[in-house]
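Reading the structure
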Amino acid sequence: MTEENQILLTVIVLSSIIILVNIISSTVIIIRSRKFLKSEIILRLYLPSYFTWLFILLSLCLVYALWHFSGVTENTVSLAAAIVSGIMHIFIMQCSAGGITKNALYTGGKITYWHNIYDYYIDKKRRTVIFSNNIKGGLTLKGLTKPLKYKKEDEEKLEKYLEQHKSKHFNKIIIR
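The present account deals with the structure reproduced in this document.

Calculation rules
Residues numbered from 1 in each chain as written. Predicted model: local features only at pLDDT ≥ 70, side-chain atom pairs only at ≥ 80, totals over all residues. Heavy atoms only, no water. Pairing = 2+ DSSP bridges. Helix = DSSP H or I, 4+ residues; strand = E, 2+ residues; numbered from the N terminus. Axes fitted to C-alpha atoms, helices over the stretch in contact; angles between N-to-C directions. Contact = heavy atoms within 4.5 Å. Polar contact = N/O pair within 3.5 Å; in protein donor to acceptor, adjacent residues only side chain to side chain. Salt bridge = Lys/Arg side-chain N within 4 Å of Asp/Glu carboxyl O.

Concerning the pairing of strand E4 (residues 110-113)
For strand E3 (residues 104-107) and E4, the ladder comprises four bridges, and the chain directions are antiparallel. For threonine 107, the partnering residue across the bridge sits in E4 and is lysine 110.

Focus: the sheet that holds strand E1 (residues 41-44)
Spatially, E1-E2-E3-E4 is the arrangement adopted by the four strands of the open sheet, whose pairing is antiparallel. In this open sheet, the two edge strands, each paired with only one partner strand, are E1 and E4. Pairs of neighbouring strands in the sheet enclose a mean axial angle of 20°, with direction left out of account. As paired elements, strand E2 (residues 99-101) and E3 share two bridges and run antiparallel to each other. In the sheet register, isoleucine 100 faces E3, and the bridge partner there is leucine 105.

Quick word on the environment of threonine 101
Counting through the fold element by element, threonine 101 comes out in strand E2. Beyond its immediate sequence surroundings of up to four residues, threonine 101 is in contact with Phe36, Ser39, Glu40, Ile41, Ile42, Tyr106, Trp114 and Tyr161. Within polar-contact distance, the side chain of threonine 101 engages the backbone oxygen of alanine 104 at 3.0 Å.

A few points about the pattern of salt bridges
This model, assessed by the stated rule, comprises three salt bridges. For lysine 102, the salt bridge goes to glutamate 40, with nearest N and O atoms at 3.5 Å. Note that lysine 102 is positioned in the loop between E2 and E3 and glutamate 40 in the loop between helix H1 (3-38) and E1, a separation of 62 residues in sequence. Of the charged contacts, one joins arginine 126 and aspartate 123 as a salt bridge, the two residues approaching to 3.8 Å between their closest N and O atoms.

Laid out in structure tokens, this is it:
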């Protein structure tokens, strides 16, 4: 086997692994989103989208540059397929349903049960909420979630729900 064939085989195998991991992860995200939609939804929360769209745009530019400078070969097609599968994974994660239910917090295909959340921070100016799993209290780099956006009309409902359940779930509340 020549060196060129070894490189081609390595690129195809690694790209296939990346594609497979992205497909499995996307499937799990879709299943968890359906589970969220079937449960009793208290409040919908949304992931901020600007970084996702920037990532998608830069990834598409990378695919274009790859094909423009290297041509369409087996290597570039397999690498482009891996990049596109990553784009689709990020897009599915961004568009997945998320929010607060009685049992858990759903964000980006991830389920976090309330007993793992110790405090939260509501930023009213940006209309975001961040949950933390820091037992000692206070939001540090141990933030459990990215800033999750909520609708302006849901602000009172969010505060009311979290305030009612602080004795059950939360040790400390920080509202600013």
